[in-house]
Amino acid sequence: MPLASSKALLSLAADLLEHVKRPIGVFDSGVGGLSILKALRAELPFENFIYVADSGFAPYGERDEGFVLERARAITRHLIRQPDLAIQALVIACNTATAAAIHLLRQDHPELPIIGVEPALKPAIALSQTGRIGVMATRGTLNSQKFKALQASLADQAQFICQPCDGLADAIERNDTDQITALCTQYTMGLGRFGSEPGAVDTLVLGCTHYPFASQILQSLLGPKVHLVDNGEPVARQTRRMLTSPSMDATPGQCQLFSTGSSDLLQSAAKRWLGLDVSCRLL
Ligand code: DGL
């Protein structure tokens, strides 16, 4: 083989290797996106991940869209530009930030695969027998155009009863079990009667990535027959489909954790919920 083409081949191989080692960026306002990271690690065990909890600016759900958009832009720029981070794809592990920012982030970074999260209304329709579906989410998600359009597109298939859950993500963030229980009790009561008989809500969409970490409490309040639906697994499958160069290296992927707020909080949540024992750095 001529020297020039073997050099070109070597440089291509080096580029490729560097590319396949690039991590997937995942961010949320706080620890909630760990529920998505958990599903991502199960689906893509050989990929490296960088998780950013924007705890210094949380919660997002009770802020205006412009604020959330600016935070999403700042985190994305950081993850792209730092040479030691340089992500190959971005997962917005937050319903509120997806609703506020995904279309603009895709415009800003057309070369970057960007995957978002939205309340799992379609999977809920498939599970519900009564056709009455509760949706717990942040005020920001429920008020967004994106969510309203999704809900309207499915309005002929089920009845959705939506409950904004102010304070719940924050209580989960602080792992305050008493407050989580009190808010879950209040908000599920706001959704009306649960059960499998006609007219009752038999399926509950957890439309904020923090809420799967309250699912034991919710299930014990509502009984074992009510379906709780979140989006972790579908998002992980979609991420796999969107990767342009998945890792070819069959060694377990690594996770790096960053926080703009309390690193202790993220570190202990990752250990508690994912069994992930890595130290967390400040961003
Ligand atoms: N975990 C986020 C979501 O999925 C938002 C929580 C918050 O910061 O209010 O919407």
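Everything quoted here is computed from the prediction, not taken from an experiment. Within every chain, residues take consecutive numbers counted from 1 along the sequence as written. Since the coordinates come from a predicted model, pLDDT governs what is reported: local features require at least 70, and pairs of side-chain atoms require 80 or more to be given and counted, while whole-chain, interface and lining totals use all residues. With hydrogens and water stripped out, all remaining heavy atoms of the structure feed into the side-chain values.

A. Structural view of the site of the ligand. Distances are taken per atom, and a residue is near a molecule or strand as soon as one of its heavy atoms is within 4 Å of it. Around the ligand sit 13 residues in total, of which S29, Y60, G61, T96 and H210 are the nearest. G61 is positioned such that a nitrogen or oxygen atom in its backbone is 2.8 Å from an oxygen atom of the ligand. Within 3.5 Å is the distance limit for a polar contact, defined as a pair of N or O atoms, with the added protein rule that one can donate a hydrogen and the other accept it, and that residues adjacent in sequence qualify only through two side-chain atoms. T96 is positioned with one of its side-chain polar atoms (N or O) 2.6 Å from an oxygen atom of the ligand. Residue composition of the shell around the ligand, by class: five nonpolar, seven polar and one charged. Three classes are used, and their members are as follows: Ala, Val, Leu, Ile, Met, Phe, Trp, Tyr, Cys and Pro are nonpolar, Asp, Glu, Lys and Arg are charged, and the others, Gly among them, are polar.

B. How the structure looks around the pairing of strand β7 (residues 203-206). For every residue, the accessible area (1.4 Å probe, protein chains only) is compared with the maximum for its type, and the residue is labelled buried under 20%, exposed over 50%, or partly exposed between those bounds. Runs of E in the DSSP output that reach at least two residues are strands. Runs of H or I that reach at least four are helices, and both are numbered from the N terminus. Every second residue of β7 is oriented toward a common face, with T203 and V205 on one face and L204 and L206 on the other, all of them buried. At least two bridges found by DSSP between two strands are what make those strands a pair. As judged from the four bridges shared by strand β5 (residues 132-137) and β7, these two strands associate in the parallel manner. Counterpart to G134 in the pairing with β7 is L204.

C. The sheet that holds strand β10 (residues 280-282), seen in detail. Across the sheet, six strands lie side by side as β4-β3-β1-β2-β9-β10; this open sheet has parallel pairing. A single partner strand is all that each edge strand has here, and the edge strands are β4 (114-115) and β10. Bridge analysis of strand β1 (residues 24-28) against strand β2 (residues 49-53) gives five bridges, and the strand direction is parallel. Note on β2: the bridge partner recorded for F27 is V52.

D. Quick look at the sheet that holds β7. The four strands lie next to each other as β6-β5-β7-β8, forming an open sheet whose pairing is parallel. The open sheet has two edge strands with one neighbour each: β6 (159-164) and β8 (227-229). Averaged over neighbouring strand pairs, the angle between their axes works out to 25° when direction is ignored. The axes used here are C-alpha line fits, helices contributing only the stretch in contact, and every angle between their N-to-C directions lies in the interval 0 to 180 degrees.

E. The environment of L79, seen in detail. Relative to the assigned elements, L79 resides in helix α3 (residues 65-81). Sequence separation between L79 and N231 is 152 residues; the distance between their C-alpha atoms is 24 Å. Residues contacting L79, with those up to four places away along its chain left out, are G25, I50, V52, L85, A86, I87 and L90. Contacts are assigned to residue pairs that have any heavy atoms within 4.5 Å of one another.

F. Quick peek at the nonpolar core. What is meant by a nonpolar core is a set of buried Ala, Val, Leu, Ile, Met, Phe, Trp, Tyr and Cys residues, joined one to another through side-chain atoms within 4.5 Å. V26, L34, L37, M136 and L168 are the most contacted members of the largest nonpolar core, which totals 52 residues. Membership of the second largest hydrophobic core comes to 22 residues, among which are F27, Y60, L85 and A97.

G. Main features of the packing of aromatic side chains. Pairing of aromatic rings covers Phe, Tyr and the six-membered ring of Trp, with a centre-to-centre limit of 6.5 Å; geometry is then stacked below 30 degrees between planes, edge-to-face above 60, and tilted otherwise. Per the counting criterion, the structure on display carries two aromatic pairs. Between the aromatic rings of F213 and W273, the centroid separation amounts to 3.6 Å while the plane-to-plane angle is 5°, which identifies the pairing as stacked. Here F213, found in the loop between β7 and α10 (215-222), pairs with W273, found in helix α12 (residues 263-274); they are 60 residues apart in sequence, far enough to count as distant. When the ring centre of F57 is taken as origin, the NZ or CZ atom of R71, which lies over that ring, is 3.6 Å away. Two thresholds decide whether a charge sits over a ring: the Lys NZ or Arg CZ must be within 6 Å of the ring centre and within 35 degrees of the ring normal. Positioned above the aromatic ring of W273 is the side chain of R272, whose terminal nitrogen or guanidinium carbon lies 4.8 Å from the ring centre.

Honestly, that's just the spatial picture; any functional story needs more than this.
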